[in-house]
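# Tertiary structure, described
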Number of protein chains: 2
Amino acid sequence: MLQTRIIKPADNAYAYPLLIKRLLMSGQRYERSREIVYRDRLRFDYRELNRRVARLAHVLTAAGVKAGDTVAVMDWDSHRYLECMFAIPMIGAVVHTINVRLSPEQILYTMNHAEDRFVLVNSDFAPLYQAIAGQLTTVEKTLLLTDDDGANCELPDCVGEYERLLAAAPSEYDFPDFDEDSVATTFYTTGTTGDPKGVYFTHRQLVLHTLAAAVTVGCRENPTLMSSGDVYMPITPMFHVHAWGLPYVATMMGLKQVYPGRYDPELLIELWRREQVTFSHCVPTIVQMLLNAKAAQGVDFKGWKITIGGSALTRGLYEAARGCGMQLIAAYGMSETCPLISGAHLNDELLQASDDEQVTYRLKAGVPVVLVDAAIQAPDGSFLPADGSSQGELVLRAPWLTQGYAGNPQKSEELWAGGWLHTGDVATLDEMGNIDIRDRIKDVIKTGGEWISSLSLEGLISRHDAVRDVAVVGVSDERWGERPFALLVLCPGQALDARGLQAFLEPAVEQGHINKWAIPRQIAVVEDIPKTSVGKLDKKRIRVDIARWLEEGHDAISSV
Amino acid sequence: MLQTRIIKPADNAYAYPLLIKRLLMSGQRYERSREIVYRDRLRFDYRELNRRVARLAHVLTAAGVKAGDTVAVMDWDSHRYLECMFAIPMIGAVVHTINVRLSPEQILYTMNHAEDRFVLVNSDFAPLYQAIAGQLTTVEKTLLLTDDDGANCELPDCVGEYERLLAAAPSEYDFPDFDEDSVATTFYTTGTTGDPKGVYFTHRQLVLHTLAAAVTVGCRENPTLMSSGDVYMPITPMFHVHAWGLPYVATMMGLKQVYPGRYDPELLIELWRREQVTFSHCVPTIVQMLLNAKAAQGVDFKGWKITIGGSALTRGLYEAARGCGMQLIAAYGMSETCPLISGAHLNDELLQASDDEQVTYRLKAGVPVVLVDAAIQAPDGSFLPADGSSQGELVLRAPWLTQGYAGNPQKSEELWAGGWLHTGDVATLDEMGNIDIRDRIKDVIKTGGEWISSLSLEGLISRHDAVRDVAVVGVSDERWGERPFALLVLCPGQALDARGLQAFLEPAVEQGHINKWAIPRQIAVVEDIPKTSVGKLDKKRIRVDIARWLEEGHDAISSV
């Protein structure tokens, strides 16, 4: 280490830790009269948000929650969830955002693994909770969340109902200072193999992530994220990487916020219209669901910016949304990265380019946000050039990456091999700093010595007019090692067989976008493609399904 | 301290210190082809900026500069200064930005006090440097900065000329990681009493200051600071709190930057026009100088946003600038605070208000930027309410305040009494979070038991059509303790005496804005008002001048 002149603020007046409470303070100072809206149930302004967070802190501490405890939340997306994201860390405890789409066994596993001491449970999940309560090893008390009075709902060891408890608590709380490296949040990734793995983030990490996300606004002609006048409605579950951390950003910036509860497309469109929502973020399937909804037909969604993450944004979906007035733009991150790593960005040079080329860049993972270091590595750990064509694993350094997986030193070491976080994504970097994700390492199709990106193939196929949804996986092949297999959902009234797809893809071969081995010789048209609990293609299940179909025979399969 | 769950990243892969090098990396990724412009001498893009910073790092290390050393810069505002603000801290050294407007004795004092080992000297300052060189106790080597070839300039122990040395150095440098609490910059405040006092800032502080300044963009309908499309030209000296830290912000955001060298108003206006500058920042006197310039007459400055700090922005100057198309907006900070603390902000409520009320808020110190804690204290250290009327000393906490004055524990302790940084400013806080600076504690006029804000009085008087510049100080008075005395500079061809000023101020008394004791009974009309080296009213000298005039008699004095 260099002999720099170090001034440690540890124990003097000057110490000023980066704490989540400072983000809450900011929103009220900017826009005290803007509102937090929960469906058609409740709305209140930032002054009241501050009072409610203070009340919740009193409720929790009165119920025995102490600094260092883990407090779990099982709720739909609500103002209550937002309040928990502040109040729980602000008293020094850790908020565990439970993925309610996991199986009861997995939820039970995560709650015991995280050593939850206190749980806030929505009445909709009370039956689920009651079913696992007997096997919970660390939970001592519960608190009921409900949109009605909760009179018919029984939870074991329940201290009361949220709104009633808040109403009875004092509206000011003297939130203490403490070490910025204190853990604030934890949740479990929905890996496709093995038990869920717990990641965790500190106050310092969340404050820096929030600042960097907000800075992104100022650095881009085409903001990936929010700006001052926006009305914010997340459509990424709050249990999923704290809704990508963006409720913290919206609160710091003093934006009006709209929480929709469950993701009924008719309700989302109604809230968008009534509350004049201008900014949302979600996975591609949610946009597809919105566009397909009855309430969306004939509607001009002009002015609705939606940042897309979780899976690749295809050109097909981008154009379909643009046709309805929505402006989609891609961003990239993962549970382990808090999550924001990069977002599509058009620099001065690209703003001079053709619309077609601009769209190409709007679909990319884009340019890293400030403070993020990105590189690509060959399998041997050597670094590859940022030349736009060298493919390798995307590895990262940033101030807000999980330090590891809780209680799992082996997986943690793999994640951080060589001092960089390994994303498991195959990508290229170009000279403008753009990250282009080509595939998951495990989803790359290895055929005849070539690597074919399942993601690129899906992107190409999604541009076929008849195709509504697509997944491509490798199936084993004696001669080539693997061959691509495409699973398709077609638009109503459309038809497509393997020969038709081949004819559609041949021009891409001629233009050099893919090699001829990339054309799937086999496809299957299905009603739905399996997705994970967070809306990603469930390639593990898809591979199992296809293997079975190929073995047993299935009339959905069409071959060339 | 609470028993939170602390995860210290100190010695593992996950450690990722907040270092200035990360800001430089960001600009190139956003806008690699935007330019850094130095007058009509030089222009290059962000790729070249990165190469030049690497070259400078090689030049410095080859000359023997090591981590922990202090490297001083004596230059006009230039691309070179920008490069020093990155390269010097990025090798772990400390950049000392020398205030070239101080007296030679004071410069000598600061250089010995800071223990400068290496100095970069502009050829314009070579005579000054040569005059003090013999008394410098720590400097070992110098480096010549010049706009010509520097052939006729001799500096003792000189390693060579900047551009020639850079041209010969390698264009890549592997900048190391080190502790984020390492000191990066130091400079001396131009206090009105005693020796200059050294303040210092760490990498962590400057990175957080940069992020918070950039975030401010996204949080405001009326950006105080820069946004993505802006062209940036500082008109605050780079030795003055590193040009308010905004070159770091501009670089992180990838903005085109224009450095004007010296502040010749004709040149500044020429650069504004030619380079299409949209954002600047300066003290009020610079705007006055620009408006008075021959080249400004009849020019529409539409699209030029200028943030004003250093002294209060008066309504008179605001309106004069608005009349010429400039949009002025106030911000607040000081050398000890890195400097940004707050900026004028119009929230949704104020955007509904009358133009007159909106202007009132554009002139205020405004709302603290994110992460800043502000409060006001009575003389006994108790906290006063944020009610918009209780006046007290503004005290601050934030992640980027100087820890103290270098080598001056007594002044450091006074600065940080009770764990808050004491600004020496009298202010109010209102319920919307606005800071309104009323005066310097030492400039408040204490008359008949009342405190009169010299600043408010100056603001009122500046609205008189005949007044171009004004300073008000207290002069001692046997009966009242102190009485206000106004020093005026009038617009060409205008006249004003004490009676005329009294008549102008009486409506303000009737409307309750000031009490009747606040009307100056004595004024003096002068050619110029003494200013400090950073353009603030030099009230210490003004008081001395007036005391002498009152004693000796002076025909500029007019009394009621």
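Bear in mind that the values here come from a model prediction, so they are computed numbers and not experimental data.

### Looking at the pairing of strand S18 (residues 392-397) of chain B
Residue and element names in this part refer to chain B. Burial within S18 is extensive, with six of its six residues counted as buried. Here strand S17 (residues 373-377) runs beside S18; their pairing, made up of five bridges, is antiparallel. Of the residues in S18, the one forming a bridge with alanine 375 is valine 395.

### A short note on the environment of phenylalanine 187 of chain A
Residues and elements named next belong to chain A. The residue phenylalanine 187 is located in strand S8 (residues 183-189) in this model. With relative accessibility at 2%, the residue phenylalanine 187 sits in the buried group. With residues near it in sequence (within four places) discarded, phenylalanine 187 still touches His96, Thr97, Lys197, Gly198, Val199, Phe201, Phe239, Val241, His242 and Ser335.

### A closer look at the sheet that holds strand S7 (residues 158-161) of chain A
All names here are of chain A. Overall, mixed pairing links the seven strands, which are arranged S7-S6-S5-S3-S4-S8-S9 in an open sheet. Unpaired on one side and paired on the other, S7 and strand S9 (197-202) mark the two borders of the sheet. Adjacent strand axes in the sheet meet at a mean angle of 20 degrees, parallel and antiparallel pairs treated alike. Sheet analysis places strand S3 (residues 70-74) next to strand S4 (residues 94-97), joined by four bridges and oriented parallel.

### Details of the confidence of the model for chain A
In the predicted model, chain A carries a mean pLDDT of 91, and 96% of its residues have values of at least 70. In the predicted assembly, ipTM is 0.89 and pTM is 0.89.

### Overview of the sheet that holds strand S5 (residues 116-122) of chain B
Residue and element names in this part refer to chain B. Strand order in the open sheet formed by seven strands is S7-S6-S5-S3-S4-S8-S9, with mixed pairing between adjacent strands. Looking along the sheet, the strands with just one partner apiece sit at the ends: strand S7 (158-161) and strand S9 (197-202). The average undirected angle you get between the axes of adjacent strands in this sheet is 20 degrees. Here strand S3 (residues 70-74) pairs with S5 via five bridges, running parallel. If you follow threonine 70 over to S5, its bridge partner there is aspartate 116. Of the strands in this sheet, S3, strand S4 (94-97), S5, strand S6 (141-145) and strand S8 (183-189) touch helix H3 (residues 79-90), which is tilted by about 150 degrees from S4.

### Quick look at the interface of chain B and chain A
When the parts of a complex come together, some accessible area is lost, and that lost area is often used as the size of the interface. On the chain A side, the residues contacting the 81 residues of chain B number 81 residues. Buried area between chain B and chain A, both sides added, is near 7300 Å², and the carbon and sulfur share of it is 53%. Linking chain B with chain A are 12 salt bridges. With a closest N to O distance of 3.3 Å, arginine 397 of chain B and aspartate 177 of chain A form a salt bridge. At the junction of chain B with chain A, the criterion picks out 20 residue pairs in polar contact (both at pLDDT 80 or more). The greatest single-element share of the side of chain B that touches chain A, amounting to 10 residues, is contributed by helix H7 (residues 203-218) of chain B. Grouping the amino acids of the side of chain B that touches chain A by side-chain chemistry returns 40 nonpolar, 21 polar and 20 charged.

### Observations concerning the nonpolar core
By size, the foremost hydrophobic cluster in this structure holds 264 residues, and its most contacted members are Trp400 of chain A together with Trp400 of chain B. Grouped together as the second largest cluster of nonpolar side chains are 34 residues, Val231, Val258, Leu268 and Val277 of chain B included.

### Focus on the packing of helix H11 (residues 284-292) of chain A against helix H12 (residues 315-323) of chain A
All names here are of chain A. Where H11 meets H12, the axes come as close as 11 Å, and the angle between the chain directions of the two elements is 40 degrees. Overall, the two elements H11 and H12 adopt an arrangement that is oblique. As H11 packs across H12, the resulting crossing turns out to be left-handed. Note on element contacts: H12 touches H11 through Leu317, Ala320 and Ala321, opposite Pro284, Val287, Gln288 and Leu291. Residues belonging to the contact of H11 with H12 are distributed by class as follows: six nonpolar, one polar and no charged.

### Brief notes about the domain arrangement of chain A
Residues and elements named next belong to chain A. The domains assigned to chain A are domain 1 (20-202), domain 2 (205-396 + 417-441) and domain 3 (444-559). On a C-alpha basis, the centres of domain 1 and domain 2 stand 26 Å from each other. Across the boundary between the two partners, domain 1 contributes 40 residues, which contact 35 residues of domain 2. Per-residue buried area on domain 1 facing domain 2 is highest for Leu23, Arg39 and Asp77; these three make up 21% of the total on that side. On inspection of domain 1 and its partner domain 2, the count reaches one salt bridge. Across the contact surface, domain 1 and domain 2 share 20 residue pairs in polar contact (both at pLDDT 80 or more). Counting residues per element, the ones that place at least two in the side of domain 1 that touches domain 2 are helix H1 (21-30), strand S1 (35-38), helix H2 (46-62), helix H3 (79-90), S8 and S9. Broken down by element, the residue count for the side of domain 1 that touches domain 2 peaks at six residues, all from H3. Among the residues making up the side of domain 1 that touches domain 2, the classes are represented as 22 nonpolar, nine polar and nine charged.

### Some details on helix H17 (residues 498-510) of chain B
Residues and elements named next belong to chain B. With 13 residues, H17 should reach 18 Å at 1.5 Å per residue; the first-to-last C-alpha distance of 18 Å fits that figure. A maximum bend of about 30 degrees is found in H17 at phenylalanine 504, where proline proline 507 lies one to four positions downstream. All of the buried residues in H17 are Ala498, Leu501, Gln502, Leu505 and Ala508. On the buried face of H17, the contacting elements are helix H16 (454-462), strand S24 (481-490), strand S25 (522-525) and strand S26 (557-559). Directly beyond the C-terminal end of H17, a positive phi value near 80 degrees is found at glycine 512.

### Here we look at the packing of aromatic side chains
Residue and element names in this part refer to chain B. One pass over the full model with this rule turns up 20 aromatic pairs over all chains. Residues tryptophan 76 and phenylalanine 125 carry aromatic rings whose centres are separated by 4.7 Å and whose planes lie at 45 degrees to one another, so their mutual orientation is tilted. With tryptophan 76 in the loop between S3 and H3 and phenylalanine 125 in the loop between S5 and helix H5 (126-133), the pair connects residues that are 49 residues apart, well separated along the chain. Accessibility expressed as a relative area gives 7% for phenylalanine 125, which makes it buried. Their ring planes at 55 degrees and their centres at 4.7 Å tell us that tryptophan 272 and phenylalanine 301 sit as a pair that is tilted. Of the two residues, tryptophan 272 is situated in helix H10 (residues 265-275) and phenylalanine 301 in the loop between helix H11 (284-292) and strand S13 (305-308); the sequence distance between them amounts to 29 residues.

What counts and what doesn't
Residues numbered from 1 in each chain as written. Chains lettered and ligands numbered in written order. Predicted model: local features only at pLDDT ≥ 70, side-chain atom pairs only at ≥ 80, totals over all residues. Heavy atoms only, no water. Buried < 20%, exposed > 50% of the residue type's maximum accessible area, 1.4 Å probe, protein only. Helix = DSSP H or I, 4+ residues; strand = E, 2+ residues; numbered from the N terminus. Pairing = 2+ DSSP bridges. Contact = heavy atoms within 4.5 Å. Axes fitted to C-alpha atoms, helices over the stretch in contact; angles between N-to-C directions. pLDDT = per-residue confidence, 0-100. Buried area = accessible area lost by both parts, 1.4 Å probe. Salt bridge = Lys/Arg side-chain N within 4 Å of Asp/Glu carboxyl O. Polar contact = N/O pair within 3.5 Å; in protein donor to acceptor, adjacent residues only side chain to side chain. Nonpolar A, V, L, I, M, F, W, Y, C, P; charged D, E, K, R; others polar. Core = buried A, V, L, I, M, F, W, Y, C linked by side-chain atoms within 4.5 Å. Parallel < 35°, antiparallel > 145°, perpendicular 65-115°, else oblique. Left-handed = near helix turned anticlockwise from the far one by under 90°. Domains from an automatic or database assignment. Expected span 1.5 Å × (residues − 1). Bend = angle between axes of the 7 residues up to and from the residue. Phe/Tyr/Trp six-rings, centres within 6.5 Å; stacked < 30°, edge-to-face > 60°.

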